[in-house]
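# Tertiary structure, described
One letter stands for each residue in the lines below.
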Number of protein chains: 2
Amino acid sequence: MRSRSGLPVVGMIGGGQLARMTHQAAIGLGQSLHVLSEQADDSAALVTPETRLGSHLDLAALRSFAKECDVVTFDHEHVPGDYIRALSAEGVKIFPSAEALLYAQDKRAMRQRLSELGVPVPRWSPIAGPADLAAFGLPAVVKTVRGGYDGRGVFMVTEADMSLPDVELIAEERVNLRRELAVQVARSPFGQVAVYPVVETVQRDGICVEVLAPAPNLPQRLAVQAQQLAIQLAKELDVVGLLAVELFETDDGIVVNELAMRPHNSGHWTIEGARTSQFEQHLRAVLDYPLGDTRLAAPAVAMANVLGGPVGGMGIDERLHHLMAAEPAVKVHFYGKQVRPGRKIGHVTALGDDMADCRARAARAAHWIQFGE
Amino acid sequence: MRSRSGLPVVGMIGGGQLARMTHQAAIGLGQSLHVLSEQADDSAALVTPETRLGSHLDLAALRSFAKECDVVTFDHEHVPGDYIRALSAEGVKIFPSAEALLYAQDKRAMRQRLSELGVPVPRWSPIAGPADLAAFGLPAVVKTVRGGYDGRGVFMVTEADMSLPDVELIAEERVNLRRELAVQVARSPFGQVAVYPVVETVQRDGICVEVLAPAPNLPQRLAVQAQQLAIQLAKELDVVGLLAVELFETDDGIVVNELAMRPHNSGHWTIEGARTSQFEQHLRAVLDYPLGDTRLAAPAVAMANVLGGPVGGMGIDERLHHLMAAEPAVKVHFYGKQVRPGRKIGHVTALGDDMADCRARAARAAHWIQFGE
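Residues take numbers from 1 onward in each chain, read along the sequence in its written order. Each chain takes a letter, starting from A, and each ligand takes a number, starting from 1, following the order in which they are written. It should be noted that, the model being predicted, local features are given only for residues of pLDDT at least 70 and side-chain atom pairs only at 80 or more, the latter also being counted only at that level, while totals for whole chains, interfaces and linings use all residues. The basis for every side-chain value is the complete set of non-hydrogen atoms in the structure, without hydrogens or water.

## Brief notes about the overall build of chain A
The number of helices and strands found in chain A is 11 helices and 17 strands. A radius of gyration in this sense is built from C-alpha atoms; the matching globule rule multiplies 2.2 Å by the number of residues raised to 0.38. A compact globule built from 373 residues would reach a C-alpha radius of gyration of about 21 Å, and chain A, at 20 Å, matches this within 12%. Dimensions of chain A, computed from the C-alpha atoms along their principal axes, are close to 60 × 55 × 45 Å. Under the scheme applied here, a residue whose accessible area is under 20% of the maximum for its type counts as buried, over 50% as exposed, and between as partly exposed, the area being computed with a 1.4 Å probe on protein chains only. Across the 373 residues in chain A, those meeting the buried criterion constitute 60%. Looking at chain A as shown, the accessible area adds up to about 14,100 Å², and 49% of this sits on carbon and sulfur atoms. Note on conventions: DSSP H or I runs of at least 4 residues are helices, E runs of at least 2 residues are strands, and numbering of each starts at the N terminus. With residues, only the protein chains shown are counted as cover, and all accessible areas are computed by Shrake-Rupley using a 1.4 Å probe.

## So, the environment of Phe-155 of chain A
All names here are of chain A. By the element assignment, Phe-155 lies in strand β7 (residues 154-157). Looking at Phe-155, the relative accessible area reads 27%, which means it is partly exposed. Residues Phe-155 and Lys-143, spaced 12 residues apart in sequence, show a C-alpha to C-alpha distance of 6.3 Å. By definition in these notes, contact holds between two residues if any of their heavy atoms fall within 4.5 Å. Leaving out residues up to four positions away in the same chain, Phe-155 has contacts with Ala-140, Val-141, Val-142, Thr-144 and Pro-165.

## Quick word on the pattern of salt bridges
Between Lys or Arg on one side and Asp or Glu on the other, a salt bridge is scored when a side-chain nitrogen of the former is within 4 Å of a carboxyl oxygen of the latter. Across all of its chains, the model carries 48 salt bridges over all chains by this definition. In this structure, Arg-52 of chain A engages Glu-68 of chain A in a salt bridge whose closest nitrogen and oxygen atoms are separated by 2.8 Å. In this pair, Arg-52 of chain A is assigned in strand β3 (residues 51-53) and Glu-68 of chain A in the loop between α2 (59-67) and β4 (71-74), connecting sequence segments 16 residues apart. Residue Glu-68 of chain A is classed as partly exposed on the basis of its relative accessible area of 31%. In this structure, Glu-77 of chain B engages Arg-262 of chain B in a salt bridge whose closest nitrogen and oxygen atoms are separated by 3.0 Å.

## Some remarks on the relation of the copies chain A and chain B
The copies were overlaid with a least-squares fit restricted to C-alpha atoms from residues scoring a pLDDT of at least 70 in each copy. Between the two copies, chain A and chain B, the superposition gives an RMSD of 0.0 Å; the rotation angle is 180 degrees and the shift along the axis is 0.0 Å. In the structure described here, the two chain copies are related by an operation that fits a two-fold rotation axis. Judged by C-alpha distance, Pro-49 of chain A is the residue of chain A that lies nearest the rotation axis, at 2.0 Å. Both copies present the same face, since 100% of the interface residues in chain A are matched by interface residues at the equivalent positions in chain B.

## A closer look at the packing of helix α3 (residues 81-89) of chain B against helix α4 (residues 98-105) of chain B
All names here are of chain B. Lines fitted to the C-alpha atoms define the axes, with helices restricted to the stretch that makes contact. Angles between their N-to-C directions range from 0 to 180 degrees. One way to put it is that α3 packs onto α4 with a least axis distance of 9 Å and a crossing angle of 165 degrees. Considered as vectors, α3 and α4 are oriented roughly antiparallel to each other. As α3 runs across α4, the sense of the crossing is right-handed. For the pair α3 and α4, contact is made by Gly-81, Ile-84 and Arg-85 and by Ala-98, Glu-99 and Leu-101, respectively. Classifying every residue of the contact of α3 with α4 gives 3 nonpolar, 1 polar and 2 charged. Angle categories are assigned with fixed cut-offs, so that under 35 degrees is roughly parallel, over 145 is roughly antiparallel, 65 to 115 is roughly perpendicular, and the rest are oblique. Handedness of a crossing follows from how the near helix is turned relative to the far one, being left-handed for an anticlockwise turn of less than a right angle and right-handed for a clockwise one. In the scheme used here, Gly and all other residues not listed as nonpolar or charged are polar, with Ala, Val, Leu, Ile, Met, Phe, Trp, Tyr, Cys and Pro taken as nonpolar and Asp, Glu, Lys and Arg as charged.

## Observations regarding the packing of aromatic side chains
Residue and element names in this part refer to chain A. Side-chain rings of Phe, Tyr and Trp, where Trp is taken by its six-membered ring, are said to pair if the distance between their centres is within 6.5 Å; with planes under 30 degrees apart they count as stacked, over 60 as edge-to-face, and otherwise as tilted. All told, the structure shown has 2 aromatic pairs over all chains when counted by the stated rule. Judged by centre distance (6.2 Å) and plane angle (85 degrees), the rings of Tyr-196 and Trp-269 are edge-to-face. Residue Tyr-196 is found in the loop between β10 (193-195) and β11 (199-204), and its partner Trp-269 is found in the loop between β14 (253-260) and α8 (270-273); the two are separated by 73 residues along the sequence. Accessibility assignment for this pair places Tyr-196 and Trp-269 in one class, buried.

## Here's the deal with the environment of Leu-102 of chain A
All names here are of chain A. Along the chain, the position of Leu-102 falls in helix α4 (residues 98-105). When the C-alpha positions of Leu-102 and Val-79 are compared, they lie 10 Å apart, and in sequence the two are 23 residues distant. Non-local contacts of Leu-102, meaning those with residues more than four positions away in its chain, are made with Ala-109 and Arg-146.

## Notes on the interface of chain A and chain B
On the chain B side, the residues contacting the 50 residues of chain A number 50 residues. As used here, buried area is the combined drop in accessible area, with a 1.4 Å probe, of two parts when they are placed together. Roughly 4,100 Å² is buried in total at the junction of chain A and chain B, and carbon and sulfur atoms are behind 56% of that figure. Linking chain A with chain B are 2 salt bridges. For Lys-331 of chain B, the salt bridge goes to Glu-280 of chain A, with nearest N and O atoms at 3.0 Å. For the side of chain A that touches chain B, the secondary-structure elements that each account for two or more residues are α1 (17-28), α9 (278-286), α10 (316-326) and β16 (331-334) of chain A. Among the elements that take part in the side of chain A that touches chain B, α10 of chain A stands out by supplying 6 residues, more than any other. Grouping the constituent residues of the side of chain A that touches chain B by class yields 24 nonpolar, 15 polar and 11 charged.

## Concerning the sheet that holds strand β3 (residues 51-53) of chain B
Residues and elements named next belong to chain B. By definition, two strands form a pair when at least two bridges between them are found by DSSP. Spatial ordering of the open sheet is given by β3-β2-β1-β4, a layout of 4 strands whose pairing is parallel. Whereas interior strands pair on both sides, the edge strands pair on one side only; in this sheet they are β3 and β4 (71-74). Neighbour-to-neighbour, the strand axes of this sheet turn through a mean angle of 25 degrees, independent of strand direction. The pairing of strand β1 (residues 10-13) with strand β2 (residues 34-37) spans 3 bridges and is parallel. The partner of Met-12 across the bridge, within β2, is Val-35. Set on the sheet, helix α9 (residues 278-286) makes contact with β1 and β4; between it and β4 the angle comes to about 135 degrees.

Functional significance is not addressed by these values, which are geometric in nature.
Put into structure tokens, the structure is as follows:
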């Protein structure tokens, strides 16, 4: 144990809002999260004293960071697999492993593996050029194999001569979806799993704007199927830590869209809305602690992301005043970021007995902070 | 505003567990709590990067600390009133004021003022020596006017020749109490008040060991009276921030025991058990933000303090494993302190529908960490 209190030290590579909120959870567990951050004013670097400045693409920085930690994990999926393998070979406990994380880093590997496992996915194919795309059939969703998130790296292609980025790509059928769902599961090295209720994620322009927990009117059969799928994937891919499975609900059932192996925007509702937050759960999982209770803390929970609004006019502090006066029970989470239009600067959560009411309150609160009205 | 995010900066004098947990709440509000801490390994200093080392008894240190903050408040009651007045005269926003805080610092002033306000208190008198004490009548509870907490500075006197410390003292009648209660209220400079449900506090050897929220089987009439009393005191004493009112429930009604003007052990249950935690509420109050919803998040909430157990044998990390396996829904809060027998090193909270069950789970969890069984 590297801490005076006799409790282990967790290090997180990356200093974004996920590390920031993980630090909040770590405090309760008697820790102070160690963070490898690129900038001194990254979200997490602002709130934890145990920040080391360095790049996740610098193996020496990773190695030096890991020396101070009992276990190392990630705020994002951008650490090269070779570096993770190198650290692991040197005896660093680092989760998830490079072999597992590959399926959150590489969409082609993920699609390939899920297809082999018989997990429902959209019809898909690797594509090397326009001929492949034409053979696949249009319209198609074209995705960069690596590096996409929040709608980036995803293109709707309707004409075969549309220009595409010169990187590895896959094509997927355009799924006729009813809505998007997500389910999170935690898995420890011991092999314990704990799955959260299935949620509905509402996207706008490729960005998640709302999460509703539990997913309203989801047939029990589909909910159980989604949870079992998440557990199966966590086991088969040997995930340690959190796995978020993003799903499409279609007329024919559910299909897997994306995977993430870390705390995820679709789980921010758990901070107040579940007995164990996803951030505490991720720490418990990578520490090989027994996992926490994933039950809902209220019948209905709605989370809305807060985007930066127009600059000028009412300041963010005054907007927060108005929001708090209007919605004294909505919980606000700011990420310490400077406001830029459209930038994700925080989220809000409303709990209650009625989903329509919670959703309206969360949306109104997010709107207040963005637009000051 | 002193922060880049456009949100104000709160400074807290004192680096104990209250500042530690206030930092957790501050993160959500877009802040990083600034802490004036005596030691680099104080509970809060371990978890916030904005720690300044210095003594609360050093006016120059207080002045320099306050310069970086939009508003300053306290983790404890030990800052001299003259220093608070000096800072305030220099334009520092510091809450509660010296005039209010006096009533949490000086038991004679508190008893005098409450008596004038007609608030029910035990029969009491200042005492200057054995003759006064004999005149007051024995047995009596003798208290040091300043500096007592957690049972320190309180003496049960049964014989007039019992030796007493050579400091200012008051005597109080020994109240024939049914149990102890507490109620917390927040008040902002604007004058808004928000009161929490009345709780039962269970003491052992003068130290609070359990808090039950809401206080079981408390007649509605007494609950309302206690809440109204807390609101009255917050207004009359011009408190800004949190006020905790500790009460005795007797056959004849409630009487006030002690006051505290900060987040308080009797309010730790609010982190998960109320819609707004006492730590967020204290920040909102001193920032003059609209106050948060104080409603219970579950029908029954039980908090148990965790004391350090015998040194040697099973380590704290292994004890935590056992606890988490046995009680996956109990929330653990460690304060980052080294374990010493009898030292308050954390607390645990259990939520549910049934108080007896919550209480048993919290007590079992605290016992696990203390004794490893």
